[in-house]
Amino acid sequence: MDIKFVDLFAQYLSIKKDITRALSSVIAETAFISGKYAEQFEKEWAEYIGAKHCIGCANGTDSLEILLQVYGVGAGDEVIVPANTWVSTTECVVTNGATPVFVDTDPDTFTIDVTKIEEKITDKTKAIIPVHLYGMPADMDPIMEIAKKHRLIVIEDCAQAHGAEYKKKKVGTIGDAASFSFYPGKNLGAYGDAGCMMTNDPDVATKARIIANHGQQGKHNHLVSGRNSRLDGLNASILSAKLNYIEEWNKARKEIAKEYNKLFKGTKVKTPKKPRGRDHVYHIYAVMVENRDEVRKVLEERGVPTLVHYPTPQPLLPAFEHLGNKAEDYPVAVEQTSKQISLPMYPEMKPEMVEYIASTLIELVK
Ligand SMILES: *Cc1c(COP(=O)(O)O)cnc(C)c1O
């Protein structure tokens, strides 16, 4: 059995004709940067998510950075971010000259613990960036309430949650603005780096587009000092082609998760909890086990690749050491880093693979 952590080539083979057709159109029309295919995907993605504006850009990290810039977040400001996330969520704050303030993890969902946000708010706090980690929506209702009370901007980091829903609304439509990454391994992935920003606010959309395109509004009319962060035509056409399958792929992920959950029931493998009203799209299928490092090693030997998301909580990364955060202030995130294990998860997985992975893990767990 050839089990991969994700199998992008298997996915490519299943849609090869669509991809070939998409790429040849872009090349024939030389619509390489922004242009027709980028605009088309922006329109389709905005429609799919249910947001008014979608602005394509070069990657998910840029989209977060640019959105903070649009809202004027910079030196002297604080931004609340979860202790457990991919580093982009924190980096975007630092790149803008502001200070990331970390909040510990909710033990059930691995997303930001909403009961610990308010104690971190000061008069310098400008924004909250909740992350829909692993494909599980963060608890947005209390986050929006806190934000309203303290007049904070909410930027949803949706990089791992394409199509996930919170109380029947797609993530990316709840906060003031949202960021998506189309990194190849994401639930909707390009064949290179790509990302987008989303908002219902036309003013935010205009500013974001200007910054992402060298500060220009119209050619050579540079209103601000911007940057080069645009969606390219080839990747946009791939994303449009793949968008036709996202529902099917997310459904397959949910089926695989259901199967894993069933197989792990009554064992020592702690499976992901799913609170009512939250639709998980399983970008990552994360479980917790006591003897994690030992288990991972043997799984690898038996042909099961696994990963850890993430090995170090953000406040304790060398990059953010200067902020002086202490491990004891993030007990849940710290515990999780020693027990969490991400199992193979991709729509093309065969039932016998899921069974083999589950039975091997059950045999090893203590
Ligand atoms: C992937 C990811 C991003 C952005 O990633 P890029 O590689 O820059 O597209 C941001 N936040 C989270 C949580 C992610 O997983």
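Here goes a summary of the coordinates provided. (Residues numbered from 1 in each chain as written. Predicted model: local features only at pLDDT ≥ 70, side-chain atom pairs only at ≥ 80, totals over all residues. Heavy atoms only, no water.)

1. Points about the overall build of the protein
Secondary structure assignment for the protein yields twelve helices and twelve strands. By principal-axis analysis of the C-alpha atoms, the protein measures approximately 65 × 55 × 35 Å. Taken over 366 residues, the protein has a buried fraction of 56%. For the protein, contacts bridging at least 24 residues in sequence account for 71% of all contacts bridging at least 6. Accessible surface computed for the protein: about 16100 Å², of which carbon and sulfur atoms make up 52%. If the 45 positive side-chain charges of the protein are averaged to one point and the 49 negative ones to another, these points end up 3 Å apart. (Helix = DSSP H or I, 4+ residues; strand = E, 2+ residues; numbered from the N terminus. Buried < 20%, exposed > 50% of the residue type's maximum accessible area, 1.4 Å probe, protein only. Contact = heavy atoms within 4.5 Å. Areas by Shrake-Rupley, 256 points an atom, 1.4 Å probe, with all protein chains shown as cover. Lys, Arg positive; Asp, Glu negative; His and termini not counted. Charge placed at Lys NZ, Arg CZ, Asp CG, Glu CD.)

2. Side note on helix α11 (residues 331–339)
Among the residues of α11, Val332, Ala333, Gln336, Thr337 and Lys339 are the ones counted as buried. Contact partners of the buried residues in α11: β11 (285–288), α10 (292–301) and β12 (340–343).

3. What about the packing of helix α4 (residues 60–70) against helix α7 (residues 202–212)?
Interhelical geometry of α4 versus α7 gives an angle of 120 degrees and a closest axis separation of 9 Å. When the axis of α4 is compared with that of α7, the two are oblique. In the crossing of α4 with α7, the sense of the turn from one axis to the other is right-handed. Contacts between α4 and α7 involve Ile66, Leu67, Gln69 and Val70 on the former and, on the latter, Val204, Lys207, Ala208, Ile211 and Ala212. (Axes fitted to C-alpha atoms, helices over the stretch in contact; angles between N-to-C directions. Parallel < 35°, antiparallel > 145°, perpendicular 65-115°, else oblique. Left-handed = near helix turned anticlockwise from the far one by under 90°.)

4. Remarks on the packing of aromatic side chains
One pass over the structure, following the stated rule, counts 15 aromatic pairs. Considering the side-chain rings of tyrosine 12 and tyrosine 191, the 6.3 Å spacing of their centres and the 70 degrees angle between planes classify their relative orientation as edge-to-face. One end of the pair, tyrosine 12, is in helix α1 (residues 8–14); the other, tyrosine 191, is in the loop between β8 (177–181) and β9 (195–199), with 179 residues separating them in the sequence. Centre to centre, the rings of tyrosine 245 and tryptophan 249 are 5.5 Å apart; their planes meet at 25 degrees, and the pair counts as stacked. Taken together, the aromatic side chains of Phe41, Trp45, Tyr48, Phe180 and Phe182 make up a single cluster linked through ring pairs. Looking at lysine 170, its charged tip hangs above the ring of tyrosine 48, at a distance of 4.6 Å from the centre. (Phe/Tyr/Trp six-rings, centres within 6.5 Å; stacked < 30°, edge-to-face > 60°. Lys NZ or Arg CZ within 6 Å of the ring centre and 35° of its normal.)

5. Looking at the site of the ligand
Inspection of the region around the ligand gives 14 residues, with Gly60, Thr61, Asp157, Ser181 and Lys186 positioned closest. Threonine 61 places a side-chain nitrogen or oxygen 2.4 Å from an oxygen atom of the ligand. Between the ligand and glutamine 160, the relevant distance is 2.8 Å, taken from an oxygen atom to a side-chain nitrogen or oxygen of the residue. Look at the ligand: alone it shows 380 Å² of surface, and the protein chains cover 92% of it. Mapped by element, the contributors of at least two residues to the shell around the ligand are α4 and α5 (88–95). Split by residue class, the shell around the ligand holds four nonpolar, eight polar and two charged. (Near = heavy atom within 4 Å. Polar contact = N/O pair within 3.5 Å; in protein donor to acceptor, adjacent residues only side chain to side chain. Nonpolar A, V, L, I, M, F, W, Y, C, P; charged D, E, K, R; others polar.)

6. Brief notes about the pattern of salt bridges
Within this structure, the stated rule accounts for 22 salt bridges. The residue aspartate 77 makes a salt bridge to lysine 126 at a minimum N-O spacing of 2.8 Å. Of this pair, aspartate 77 sits in the loop between α4 and β2 (78–82) while lysine 126 sits in strand β4 (residues 125–128), and the two are 49 residues apart along the sequence. With a relative accessible area of 35%, lysine 126 lands in the partly exposed category. Notably, a salt bridge pairs lysine 207 with aspartate 203, separated by 3.4 Å at the nearest N-O pair. Here aspartate 203 and lysine 207 lie together in helix α7, a separation of four residues that amounts to about one turn. Relative accessible area serves as the criterion here: at 43%, aspartate 203 is assigned to the partly exposed category. When salt bridges with common partners are traced through the structure, they connect Asp62, Glu65 and Arg227 into a single cluster. (Salt bridge = Lys/Arg side-chain N within 4 Å of Asp/Glu carboxyl O.)

7. Examining the sheet that holds strand β10 (residues 278–279)
Sheet architecture is open: three strands sit in the order β7-β6-β10, paired in antiparallel fashion. Two strands bound the open sheet, and with one partner strand each, they are β7 (169–170) and β10. As paired elements, strand β6 (residues 165–166) and β7 share two bridges and run antiparallel to each other. Directly across from glutamate 165, in β7, lies its bridge partner lysine 170. (Pairing = 2+ DSSP bridges.)

8. Some points on the nonpolar core
Of all hydrophobic cores here, the largest spans 29 residues; its most connected members are Phe41, Trp45, Phe180, Phe182, Met198 and Leu239. Secondary-structure elements contributing two or more residues to this core are α3 (35–49), β8, β9 and α8 (233–243). Examining the composition of this core, we find that seven residues originate from one element, α3, more than from any other. If you look at the next biggest cluster of nonpolar residues, it comprises 27 residues, including Val81, Ala98, Phe102 and Ile211. (Core = buried A, V, L, I, M, F, W, Y, C linked by side-chain atoms within 4.5 Å.)

9. Quick word on the sheet that holds strand β1 (residues 53–57)
Pairing in this open sheet of seven strands is mixed, and the strands run β1-β9-β8-β5-β4-β2-β3 from one edge to the other. Unpaired on one side and paired on the other, β1 and β3 (99–103) mark the two borders of the sheet. The mean angle between the axes of side-by-side strands here comes to 25 degrees, regardless of whether they run parallel or antiparallel. The pairing of β4 with strand β5 (residues 153–157) spans two bridges and is classified as parallel. Among the inter-strand pairings, alanine 127 is bridged to a residue of β5, identified as isoleucine 153. Along the sheet, α7 makes contact with β1 and β9, crossing β1 at roughly 15 degrees.

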